[in-house]
Amino acid sequence: SGGLVAFPTETVYGLGANARDGHAVARIFQAKGRPQDNPLIVHIANLADLQAVVADITDDAWALARAFWPGPLTIILPVREGIAREVTAGGDTVAVRMPSHPVAMALIRAAGLPIAAPSANISGRPSPTRADHVWADLAGRIEMIVDGGPAGIGVESTVLDLTSSPPLVLRPGGVSVEELRRIVPDARVLPRYGTGAAEGDEREGPARSPGLRHEHYSPRAQLWLFTGEWEAQVQAIASRARAEAEAGRRVGLLVSVQTIRTADKAGIPNTVIIAEAGSRSCLGSVASRLFDTMRHLDSQDVQIILAESYDTAGVGLAVMNRLVRSAGGRLVDAGEPG
């Protein structure tokens, strides 16, 4: 009937509307405060539904769908007539995926139509991984929230543009680049953890993927991301935390359990609020906690967040992509341990 429903997926919570109803889709942009040139992902529940959304399905597309769907992979292909132009930001391609969450699948099947859905948050804020995150951002703006518990993966789907030659990963996510290359060996990745522009790509016109042109995943507090050897990061974070605390600022740390164990040795002040982002030895745990931890630190009214970096293997690339975007250019090279 044109309403908006927030629902759980295995990645984050999505805000859904009928992908064939331009007025309904336009309400997503209004509710989120989302720029109109930022396209949406269409969610389907069966492989057969792909043909109703996409005009031309390549062999690579079928191979990827069979390998990773249902799951956290979005593929970009030419759009079929009937999908609202608001979904594609007026472009000629569409991003589509089949989520693996049972509630999402049941909702799509019950609705009997493709569902356009970005993350269910205010545009630019950390993505929602729990229903209460959606409530905090969108209560009173949408018709319904379906509470399916915490999202499992915690970062959004990988977006692969199959209309580019060679295929281009526009957003790292729940399916790793290493996994993609088993099916599409020549898939390439944008520079700077997937946040930069493709070499020679000054393409004008509609964006092909969500999140390419606008600041994303930002907590209210100013986030600084430290890079370099881990021991050097710990030293630099501790030094910055001491300086900020002495200046009277309320400081939060977004750090691994390994860093927390060194807090006393590193001289991190007791007044600093420390939030555990997961384990450096299990980057899936970091991905699943990342946005929830950002929102927790915001709830503690910190003014500045100091975050550490991680290895880029597997889902680590998606974690670093989100952290770099959250920092908005505020990167500190801690260098070697000193």
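Residues numbered from 1 in each chain as written. Predicted model: local features only at pLDDT ≥ 70, side-chain atom pairs only at ≥ 80, totals over all residues. Heavy atoms only, no water.

### Examining the overall build of the protein chain
So, point 1. Along the protein chain, the regular secondary structure elements total 13 helices and 15 strands.
So, point 2. In terms of C-alpha radius of gyration, the protein chain reaches 20 Å, essentially the compact-globule figure of 20 Å for 338 residues.
So, point 3. Dimensions along the principal axes, computed over C-alpha positions, put the protein chain at roughly 60 × 45 × 35 Å.
So, point 4. For the protein chain, buried positions account for 54% of its 338 residues. (Helix = DSSP H or I, 4+ residues; strand = E, 2+ residues; numbered from the N terminus. Rg over C-alpha atoms; globule rule 2.2 N^0.38 Å. Buried < 20%, exposed > 50% of the residue type's maximum accessible area, 1.4 Å probe, protein only.)

### Brief notes about the packing of helix α12 (residues 283-299) against helix α13 (residues 316-327)
So, point 1. Contact geometry of α12 with α13 gives a least axis separation of 9 Å together with a crossing angle of 25 degrees. Taken together, the axis directions place α12 and α13 in an arrangement best described as roughly parallel. Crossing angle aside, the handedness with which α12 passes α13 is left-handed. Within the contact between the two elements, α12 uses L283, V286, A287, L290, F291 and M294 and α13 uses G316, V319, R322, L323 and S326.
So, point 2. Looking at side-chain class alone, the contact of α12 with α13 contains eight nonpolar, two polar and one charged residues. (Axes fitted to C-alpha atoms, helices over the stretch in contact; angles between N-to-C directions. Parallel < 35°, antiparallel > 145°, perpendicular 65-115°, else oblique. Left-handed = near helix turned anticlockwise from the far one by under 90°. Contact = heavy atoms within 4.5 Å. Nonpolar A, V, L, I, M, F, W, Y, C, P; charged D, E, K, R; others polar.)

### Thoughts on the layout of surface pockets
So, point 1. Considered as a void within the structure, the second largest pocket measures approximately 250 Å³ in volume.
So, point 2. In this structure, the second largest pocket is lined by 13 residues; those nearest its centre are S1, G3, V5, N18 and A111.
So, point 3. Listed by contribution, the elements that provide at least two residues to the lining of the second largest pocket are β1 (5-8), β2 (13-18) and α5 (102-111).
So, point 4. Among the elements that take part in the lining of the second largest pocket, β2 stands out by supplying three residues, more than any other.
So, point 5. Among the residues forming the lining of the second largest pocket, the class breakdown is eight nonpolar, five polar and no charged. (1 Å grid on protein atoms, 1.4 Å probe; cavity = no way out; pocket = protein on both sides within 12 Å on 5 of 7 lines; lining within 4 Å. Points joined across faces, edges and corners; volume = space filled by probe spheres on them.)

### Digging into the pattern of salt bridges
Between side chains of opposite charge, pairing is possible as soon as their charged atoms come close.
So, point 1. Taken as a whole and assessed by the stated rule, the structure comprises nine salt bridges.
So, point 2. We note a salt bridge from R97 to E10, for which the minimum N-O separation is 2.7 Å. Linking R97 in strand β5 (residues 93-97) with E10 in the loop between β1 and β2, this pair joins segments that are 87 residues apart in sequence. Note on accessibility: R97 and E10 belong to one class, buried.
So, point 3. For R295, the salt bridge is made with D137, and the minimal N-O distance between the two is 2.9 Å. On the criterion of sequence distance, the pair formed by R295 in helix α12 and D137 in helix α6 (residues 131-138) is long-range, its members being 158 residues apart. Like R295, the residue D137 is buried in the burial classification.
So, point 4. Beyond isolated ion pairs, a larger network of salt bridges with shared partners links R240, E244 and R249. (Salt bridge = Lys/Arg side-chain N within 4 Å of Asp/Glu carboxyl O.)

### Quick look at the pairing of β5
So, point 1. Across the five residues of β5, five count as buried, placing the element largely inside the fold.
So, point 2. In β5, alternate side chains face the same way, and those of T93, A95 and R97 on one face and V94 and V96 on the other are all buried.
So, point 3. As judged from the three bridges shared by strand β3 (residues 41-43) and β5, these two strands associate in the parallel manner. Pairing of V42 across the sheet is with V96, part of β5. (Pairing = 2+ DSSP bridges.)

### Section: empty space enclosed by the protein
So, point 1. Applying the stated rule across the entire model yields three cavities of 30 Å³ or more.
So, point 2. Counted as a void, the largest cavity has a volume near 270 Å³.
So, point 3. Taken together, 25 residues line the largest cavity, and the ones lying closest to its centre are V12, P118, S119, E156 and R171.
So, point 4. Taken together, the elements giving at least two residues each to the lining of the largest cavity come down to β2 and β3.

### What about the sheet that holds strand β7 (residues 144-145)?
So, point 1. Strand order across the open sheet formed by 10 strands is β7-β1-β2-β6-β3-β5-β4-β8-β9-β10, with mixed pairing between neighbours. Unpaired on one side and paired on the other, β7 and β10 (188-189) mark the two borders of the sheet.
So, point 2. Where strand β9 (residues 168-171) meets β10, two bridges bridge the pair, whose relative direction is parallel. Bridge pairing links L168 to R188 in β10.

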